[in-house]
Amino acid sequence: MKINDKTYSIMTESVDLGEIMFSLCYLPTAGRLTLTVIKCRNLKAMDITGYSDPYVKVSLICDGRRLKKKKTSIKKNTLNPTYNEAIIFDIPPDSMDHVSLHISVMDYDLVGHNEIIGVMRLGCHAEGLGRDHWNEMLAYPRKPIAHWHPLMESKKSEKEWKARTASFDSQGSCPSPRPPSSP
């Protein structure tokens, strides 16, 4: 079995930066997207202790603008954190083709700036596993779909993403996320 350069590059990045496992579930009738951050493994050590204090930040992006940002709790001194935390976004079904999610695994630092360990993107305009996972979620509504994703370097991911989104001509603007409906 021959492995091409692109596949090898992705495999190398996952070894260097780690992986994240999460599930996606979309409820079209409620217009609710649930991303459950399950766990990470083999994260890159960012602290002098040889560990990291990781948390996950998820941003809802529409036409290059961040509409919402949500975070998990911080797990101290670990490279293999378990979260099992649900992050919910309200997105109408007709907006699903215009939005994407930017997932960043971050290292919390008490002093100075928090550092990015690695990132990955999801959505119909993402590439590879990010697009496949998104499409699988849309094909099986109301069913949580979980997968592992390798983390990529932030700078490379940003450059690739900007090149792809620059060529994407969206039809109309994204509606603002609606407030949660009262019970």
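None of the values given here were measured: they were computed from a predicted structure.

A word on the pattern of salt bridges
Turning to step 1, where the next piece is worked out: Summed over all chains, the structure comprises 2 salt bridges.
Turning to step 2, where the next piece is worked out: Glu 19 is the salt-bridge partner of Arg 41, the closest N and O atoms lying 2.7 Å from each other. With Arg 41 in strand S2 (residues 32-41) and Glu 19 in strand S1 (residues 19-27), the pair connects residues that are 22 residues apart, well separated along the chain.
Turning to step 3, where the next piece is worked out: Residue Glu 19 is classed as buried on the basis of its relative accessible area, which comes to 16%.
Turning to step 4, where the next piece is worked out: Here Asp 90 ties to Arg 32 by a salt bridge, and the two come within 3.5 Å at their closest N and O atoms. Remark: Arg 32 occurs in strand S2 and Asp 90 occurs in strand S5 (residues 82-90); sequence separation between them is 58 residues.
Turning to step 5, where the next piece is worked out: With a relative accessible area of 15%, Asp 90 lands in the buried category.
Turning to step 6, where the next piece is worked out: A relative accessible area of 26% means that Arg 32 is categorised as partly exposed.

Considering the side chain of Asp 109
Turning to step 1, where the next piece is worked out: On the secondary structure map, Asp 109 appears in the loop between strand S6 (99-107) and strand S7 (115-123).
Turning to step 2, where the next piece is worked out: Comment: no salt bridge for buried Asp 109; closest opposite-charge side chain is Lys 76, at 8.3 Å.
Turning to step 3, where the next piece is worked out: When residues no more than four places from it in sequence are discounted, the contact partners of Asp 109 are Asp 47, Asn 114 and Glu 115.

How each quantity is defined
- Residues numbered from 1 in each chain as written.
- Predicted model: local features only at pLDDT ≥ 70, side-chain atom pairs only at ≥ 80, totals over all residues.
- Heavy atoms only, no water.
- Salt bridge = Lys/Arg side-chain N within 4 Å of Asp/Glu carboxyl O.
- Helix = DSSP H or I, 4+ residues; strand = E, 2+ residues; numbered from the N terminus.
- Buried < 20%, exposed > 50% of the residue type's maximum accessible area, 1.4 Å probe, protein only.
- Lys, Arg positive; Asp, Glu negative; His and termini not counted.
- Contact = heavy atoms within 4.5 Å.

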